[in-house]
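Tertiary structure, described
Below are the chains, spelled out letter by letter.
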Amino acid sequence: DAGAHLQEGVDLSGRQPPTPAASAEPSGGVATPVVNGSPQADRTLELYAARTGLVPIRVPRNSCSADAEILLRRLGRMCLTGEPWLPLGSVGPLIIFGHCNPECRDLWGVPEFLAVRVLISVEKYQAIRNDFFKRLDYKPIVAANPIERLAPPPRNIDPHQILEWFAENYPLEGDDRDKFRKLASDNAGLDIETHRDYKGLPRHYGVAMQYLRTREPIYNPEEAPSQETFPDPLLEKHCVYPMHIGENRIYLLAADKAIYAFEDEWMSAGHDHLEMVPVLADPDSIRGAITRNRSRNASYGAGVDTSQLSYSDNINLVEIDPLEMGQINPENPNVNPEQIIHWVLYTAITFRASDLHVEKYYNTARFRARIDGSMKVIYSCPEENLSRYIALFKNFANMGHQHQDLQDSRFALSLGKRRVDVRVSAIPCRKEQQKLVMRFLDKQDGIKQLSELNMSQRQMKIVKETMSRDQGLVLVTGPTGSGKTTTLYAFINSINEDDINIHTIEDPIEYEIEGINQTQTDEHHGITFATGLRGLLRSDPDVILVGESRDAETATASINSALTGHLVLTTLHANDSLRAVSRLVSMGVEPYLLSDALALSQAQRLAKKLCSYCKRPVAAPRELQEFFYENGIITKPLTDPIYEPQGCDECNGSGYHGRIALMEMCPIGGELAEMIAESAPMSNMRKVAAASGVLSLYQEGMIQVIAGGTTMDELSCLSHFGSMK
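The paragraphs below set out a description of the structure included in this document. These figures come from a predicted structure and were not determined experimentally.

Turning to the sheet that holds strand 18 (residues 517–520), a few remarks are in order. Strand order in the open sheet made by the seven strands is 18-17-19-20-16-21-24, with mixed pairing throughout. Either end of the sheet is taken by a strand with one partner, and the two such strands are strand 18 and strand 24 (656–667). Pairwise comparison of adjacent strand axes, ignoring direction, gives a mean angle of 20 degrees for this sheet. Alignment of strand 19 (residues 543–546) against strand 20 (residues 567–572), held across four bridges, turns out to be parallel. Its bridge partner being in strand 20, Leu545 is matched across the sheet by Leu569. Sitting on the sheet, helix 15 (residues 484–493) is in contact with strand 16 (472–477), strand 17 (502–506), strand 18, strand 19, strand 20, strand 21 (598–610) and strand 24, with an inclination near 170 degrees to strand 20.

Attention shifts here to the pattern of salt bridges. Applying the stated criterion across every chain yields a total of 30 salt bridges. Taking the shortest distance from any N to any O, the salt bridge between Glu168 and Arg181 comes out at 2.9 Å. On the criterion of sequence distance, the pair formed by Glu168 in helix 5 (residues 159–169) and Arg181 in helix 6 (residues 176–187) is long-range, its members being 13 residues apart. Residues joined by salt bridges that share partners form a network here, namely Glu69, Arg73, Asp131, Arg135 and Arg616.

To continue, consider the sheet that holds strand 1 (residues 55–56). The sheet built from four strands is open, its strands ordered 1-4-3-2 with mixed pairing. This sheet does not close on itself; its edge strands, each paired only once, are strand 1 and strand 2 (86–91). One ladder, built from five bridges, connects strand 2 with strand 3 (residues 94–99); its direction is antiparallel. Looking across to strand 3, one finds that Gly89 is bridged to Ile96. Strands in contact with helix 4 (residues 122–136) are strand 2 and strand 3; relative to strand 2, the strand with the most contacts, it is inclined by about 90 degrees. Along the sheet face, helix 7 (residues 205–214) touches strand 2, strand 3 and strand 4 (115–119) and points at about 70 degrees away from the line of strand 3.

Next up on the list: helix 9 (residues 260–268). Within the span of helix 9, buried status applies to Phe262, Glu263 and Trp266. All buried residues of helix 9 lie within an arc of 100 degrees about the axis, which places them on one face of the element. Within helix 9, the exposed residues directed more than 90 degrees away from the buried face are Tyr260, Asp264 and Ser268. Where helix 9 is buried, its residues meet helix 8 (232–238), strand 5 (240–245), strand 6 (249–254) and strand 7 (275–280). Count one or two residues on from helix 9 and you reach Gly270, which has phi positive near 95 degrees.

What counts, and where the lines are drawn
- Residues numbered from 1 in each chain as written.
- Predicted model: local features only at pLDDT ≥ 70, side-chain atom pairs only at ≥ 80, totals over all residues.
- Heavy atoms only, no water.
- Pairing = 2+ DSSP bridges.
- Helix = DSSP H or I, 4+ residues; strand = E, 2+ residues; numbered from the N terminus.
- Axes fitted to C-alpha atoms, helices over the stretch in contact; angles between N-to-C directions.
- Contact = heavy atoms within 4.5 Å.
- Salt bridge = Lys/Arg side-chain N within 4 Å of Asp/Glu carboxyl O.
- Buried < 20%, exposed > 50% of the residue type's maximum accessible area, 1.4 Å probe, protein only.
- Arc of directions from axis to C-beta.

What follows is the structure, encoded as structure tokens:
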């Protein structure tokens, strides 16, 4: 029995006895008897904010974010009162705390300079307090923390020195301290006046450095509520977002304290004068808040009975006005066809769709968007309108109107300052019907840093060691839509330096990266992956990315390039990391060449990510823990809870928001290379890989379940991979 190997005498349910603070009732009346969302509540919040200098906020949720809880456990200790400040979110390395009583001093032992305090209503305070103390039932916070005695940095310290102070004094984990020491060194020669002048810092960290220096009000736009007061194009133009709109003051998230241009344009439109208080925030996150605000105001499942459709003259660039989209009701028969199409595209993009399908379904035409990996219907209409809508999309992409031809093209979308490229594929279907599939390539979110790929320390070490090689072959395998190209872009972008010549050949070029030479395949001019790769070898490359090894010629050319002093990265369709070897051999690649060239083989899948705002902690059942033990994931009982989906406004009630990559990384060492050259059985290679620490996709998914990233239900489709043994 696997459970017999686990520690005896430990409750496998993961439950912990409640702490006194968690079970204690409030010791006294809370500051202000107001009701959240009422006019009296807003007036009280605004009054307290004016008196204390704190920023008021209508918290959109009744729980703290997972990042805030993690930070509190790192920086704090158990609270000393029954009514402490409550963690709401984070701004990089800082915790956002909320309270309805500004006189409270209990910050869970977190130093004041590491806490961003805001005012919230009594109702929200009680709801968040009840939720958070229930979480502590599963895992109490430590009783003491040495961070409480950490001395603050001097006020108005030099921008370079605050980064050095942070690298030496903040409780960083793993190799993060060395990383920030290098960032401090890299920024030492720069002219830094504001948080936007720092180079290479993770998102929100520039704003956090500014707060540590000056204690000026800051906030995280990801925690801001929705708004309907200001038009989105105006907010995008000036890169601002309202976090609280009161009777006399508006607290405005801004990348710069100088917001006069926004005030002038707003007032010149005839609006009443209100005092506008700037609150510093990361500019990219402000733009993200504007985009999320649009998605909150959109809805699924709209439909119409009749509509008069016409052809569009837009071919290359389709401009969509977000403000106009918010006013469109697709069920209104007076809405013109172009507005319907724009609304469909706008809705799909604001809901983070990766693809849009336009197809016949029974006696209707339906529009389905793939959101977080699942297909959802966002619009439908009578089937006789299908050909007209397809014609309209084809006009956008400058495609021919033949029904039985396979066609591929693309067009661009402009939503305010946001630019999205759209790849269009037309596919003939039965009864002379057609289906269109559109892939959205968002310039804003497409290029990731390695730190954004959710890799473990082991995986990060493997990638850094592999990308520092001067030659070798790197394979990333997986089905279509598993994020292979995004991963490869992150890999090559991590070494995009002046002293390295990086060249790619792609079909198509999905994202443009400055500093990297990118070539598009063009069969009309004889540029295929294989011929293009041979041509690239004459351009003195150090690193080559080949979009896909589709045939034996391309695969052989990639391996020969890796053997002649180049680091070559490419994708391949294979089920897992080691089956990529048999796939290449079946394509005609000689095993002895592959064994010499292959440096890293990686398989990848995407799994739905639990919404960080509404996921609920639950005790891990004994049966599940025993299953984890049998698969080599744990060696002792879990003390932390796992999480399950619940559903909130942020995730549209699904319980999931976004996706995470599960990566099976198999570096090819000496023993595995010999087995590849000898065409050893797959089972033997898996045993050797497991002995070196390689985990299967299913095992990597289990680690994400324990980390609170996803659920076992989401991993059911990967169960056939089993363990790497």
